[in-house]
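Coordinates in review
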Amino acid sequence: MGSSRTPRQVRIAIIGAGFSGLGMAIRLQQAGIGGFEILERADDIGGTWRDNSYPGCAVDVQSHLYSFSFAPNPEWSHTYSPQAEIWDYIKRIAAEHDVLRHVRFGHEVTGGEWDETTGRWLLHTTAGDVEAQFVISGMGPLSNPVPPDIPGLDTFAGHSFHSARWDHDHDLTGERVAVIGTGSSAAQFVPEIAPEVGRLLVFQRTPGWTFPRNNRRITAVEHAAYRRFPVLQRLARTRQYLYRETIAFLLQSPKRVGVIEGISRRRLRKQVADPELRAKLTPDYAMGCKRIIVTDDFHPALTRPNVSVITEAISEIRPHAVVTADGTEHQVDTLILGTGFQVMPVADPLRGRDGVPLAQRWSTRREAYLGTTVAGYPNYFMLVGPNTATGHTSVLLYLEAQIDYVLQALHHLDRTGTSALDVRPDVQDAFNRDLAERLAGTVWTAGGCRSWYLDSDGGTSALWPGYTWQFQKALRHFEPADYRFGTTSDLDSVHTTRDLDLVKG
Ligand code: NAP
């Protein structure tokens, strides 16, 4: 709901101060574009790397690749660095590039609408309204934790929390602990808590395919070399990029997927001697269909004598127990929900030219153009929007391509003296038809699993179905012919040089 106070005026409102929002802000600043604010709902920056602090939380893509190309970090401690280090990296680059002063904390965007007469967005935030010519969403594709829909969950009388809201004040030592979920998050925290709890019950609905991590410490010699000769770190990054693109190559045909499934199965045989447990942990769908779990210690942790993997469906939660469909009541002291996130709340609150909230337009399928713009929502750019998630490599590669694309769009408006742009619906439709064709029959849509990648109609508006370089190539040049330009109500005309000159200064 809007506030009665006069809205604060900004040229560009960026939503979210995580990797996306801060990366955008840094690049705007470098491009000499001012007048932006970052609206952040929390009281600190960092996004997902602020919120996820569970034991063992770390990146599952090599750190040289999971960092901005314009801000390499020679000091990464490990090939896959831990959460605290990544959060520090975000804070350091934000400070070094002097964008912290643009962050407005405690500003949760609760709604917003495009005003056709002024050609501006009116955003409603928990700290008042903000009017902006451009809105750039950096809300993150997985920022809102989701509790499972299990009867009686709210009656649980023991201690309970979601993995993304870890309660570090709660001591698990010696307790009977239940973990619901066996995705990438649980696979990281289960090996950490297993040795300290008394009894650990891991409730698994679907087993995940795993892939070796081979994490190791980066040596002092390597650190010194990266500091002295940055080209060496760029080479290491390129090697990791190519390694990850090879995984994309393997995931693109059922025959090749069979090869990596074989590697994963052989490793499972080595790590888990008990055939009954191994059977529980063996997926019955194609690898890649769900996010592959990059881990070396998850399966070994499940073989500990104090750990049980329970595959019977959960029917109910009672004040002190998790009850399974076979009627067994599993007594527990603490319940940890590793049940994942709402997918892509990137635009839920925003209403476009026809007043329809994007969440409603997207109720079955999220369709955008190049993951960045949506027809009918002028001057709105999404970072890590639809079809930009990656099952194989660093999302920051996709993010940087999008940031550069947004900069090109702003420069184009500036150069041509126009103030608003809206992607052509026919261009967006053709793009999505092509995506659907490329996705049909792949492991992501026909791999035989349930996953957060999938939409209710069986397609996926989460993933980019190819190589990273293909996404980068598609966004390399902003193509004006894909858009309608104008000031406000004349967005239907092809181009106008009328102008509000809002993009400058
Ligand atoms: P997730 O992959 O969505 O996994 C959720 C788990 O909870 C799944 O095992 C799911 O079972 C289970 N679950 C959900 N509802 C349930 C219910 N009602 N009853 C029983 N089980 C239920 O969530 P996540 O592990 O938090 O990971 C989310 C994403 O975050 C990952 O895919 C990845 O993209 C990202 N992530 C990245 C890193 C990193 O290092 N970069 C680390 C952690 C997470 P089903 O499989 O049957 O649905």
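Residues numbered from 1 in each chain as written. Predicted model: local features only at pLDDT ≥ 70, side-chain atom pairs only at ≥ 80, totals over all residues. Heavy atoms only, no water.

The terminal C-alpha atoms of helix 12 (residues 425-439) lie 21 Å apart, and with 15 residues this matches the ideal 21 Å at 1.5 Å per residue to within 8%. Those residues of helix 12 lying buried are Val427, Gln428, Phe431, Asn432, Leu435 and Leu439. For helix 12, the arc enclosing every buried residue in end-on projection is 130°, short of the 170-degree limit, so these residues lie on one face. What points out from helix 12, more than 90 degrees from its buried face, is the exposed set Arg433 and Glu437. Packed against the buried residues of helix 12 are strand 21 (420-423) and helix 13 (443-446). Following helix 12 by one or two positions, Gly441 has its phi on the positive side, about 80°. (Helix = DSSP H or I, 4+ residues; strand = E, 2+ residues; numbered from the N terminus. Expected span 1.5 Å × (residues − 1). Buried < 20%, exposed > 50% of the residue type's maximum accessible area, 1.4 Å probe, protein only. Arc of directions from axis to C-beta. Contact = heavy atoms within 4.5 Å.)

Our next topic: the sheet that holds strand 16 (residues 329-331). Taken together, 3 strands build an open sheet; the order of strands is 14-15-16 and the sheet is antiparallel. Each edge of the sheet is formed by a strand with only one pairing partner; in this case those strands are strand 14 (314-318) and strand 16. Strand after strand, the sheet turns through a mean of 25° between neighbouring axes, direction not considered. Taken together, the 3 bridges between strand 15 (residues 321-324) and strand 16 define a ladder with antiparallel strand orientation. For Val323, the partnering residue across the bridge sits in strand 16 and is Glu329. (Pairing = 2+ DSSP bridges. Axes fitted to C-alpha atoms, helices over the stretch in contact; angles between N-to-C directions.)

In this section: the site of the ligand. As a structural note, the neighbourhood of the ligand is formed by 24 residues, with Ala58, Asp60, Ser185, Thr206 and Lys290 the closest of them. At a separation of 2.6 Å, an oxygen atom of the ligand approaches a polar backbone atom of Ala58. With respect to the ligand, the side chain of Thr206 contributes an N or O atom lying 2.4 Å from an oxygen atom. The dominant element in the shell around the ligand, judged by the number of residues it contributes, is helix 4 (residues 184-193), at 3 residues. For the shell around the ligand, the residue count by class is 9 nonpolar, 10 polar and 5 charged. Structurally, the shell around the ligand is a two-domain feature, drawing no fewer than three residues from each of domain 1 (8-143 + 342-493) and domain 2 (145-215 + 227-341). (Near = heavy atom within 4 Å. Polar contact = N/O pair within 3.5 Å; in protein donor to acceptor, adjacent residues only side chain to side chain. Nonpolar A, V, L, I, M, F, W, Y, C, P; charged D, E, K, R; others polar. Domains from an automatic or database assignment.)

On to the domain arrangement of the protein, then. Size of an interface, as often reported, equals the accessible area lost when the parts are brought together. Taken as a whole, the protein is organised into domain 1 (8-143 + 342-493) and domain 2 (145-215 + 227-341). On a C-alpha basis, the centroid separation for the pair domain 1 and domain 2 is 28 Å. With 48 residues of domain 1 at the contact, the number on the domain 2 side is 42 residues. Linking domain 1 with domain 2 are 26 residue pairs in polar contact (both at pLDDT 80 or more), by the criterion used here. Breaking the side of domain 1 that touches domain 2 down by element, the ones donating at least two residues are helix 11 (395-416), helix 13 and helix 14 (468-476). Residues that form the side of domain 1 that touches domain 2 fall into these classes: 22 nonpolar, 21 polar and 5 charged.

Here we come to the packing of aromatic side chains. Enumeration according to the criterion identifies 21 aromatic pairs in this entry. Three or more aromatic residues link up through ring pairs in this structure, and these residues are Phe19, Trp49, Tyr66, Phe68, Phe70, Trp76 and Tyr89. Above the face of the Trp87 ring, Lys91 is positioned so that its terminal group lies 3.7 Å from the ring centre. When the ring centre of Trp464 is taken as origin, the NZ or CZ atom of Arg438, which lies over that ring, is 4.9 Å away. (Phe/Tyr/Trp six-rings, centres within 6.5 Å; stacked < 30°, edge-to-face > 60°. Lys NZ or Arg CZ within 6 Å of the ring centre and 35° of its normal.)

With respect to the helices and strands, Ser184 occurs in helix 4. Judged by its relative accessible area of 27%, Ser184 falls in the partly exposed class. Taking the C-alpha atoms as reference points, Ser184 and Gly340, separated by 156 residues in sequence, lie 9.0 Å from one another. Setting aside its immediate chain neighbours within four residues, Ser184 contacts Tyr54, Asp60, Arg291, Ile292 and Ile293.

On the surface, Phe229, Val231, Leu232 and Leu235 cluster together into a nonpolar patch covering about 350 Å² of accessible area. In this fold, Leu232 is placed in helix 6 (residues 230-251). Relative accessible area serves as the criterion here: at 35%, Leu232 is assigned to the partly exposed category. (Patch = residues over 30% accessible without salt bridge, like charges linked within 9 Å, V, L, I, M, F, W, Y side chains within 5 Å. Areas by Shrake-Rupley, 256 points an atom, 1.4 Å probe, with all protein chains shown as cover. Salt bridge = Lys/Arg side-chain N within 4 Å of Asp/Glu carboxyl O.)

Another point: the pattern of salt bridges. Scanning all chains against the criterion turns up 26 salt bridges. Where Arg438 meets Asp434, a salt bridge forms, and the shortest distance between an N and an O atom there is 3.9 Å. Of the two residues, Arg438 and Asp434 both sit in helix 12, 4 residues apart, roughly one turn of that helix.

Over its 14 residues, helix 3 (residues 83-96) extends 20 Å from the first C-alpha to the last, a length consistent with the 20 Å expected when each residue adds 1.5 Å. Looking at helix 3, one finds that the buried residues are Gln83, Ile86, Trp87, Tyr89, Ile90, Ile93 and Ala94. Buried residues of helix 3, viewed axially, fall in a sector of 155°; they line one side. Close packing links the buried residues of helix 3 with helix 1 (19-30) and helix 2 (48-51). Directly beyond the C-terminal end of helix 3, a positive phi value near 60° is found at Asp98.

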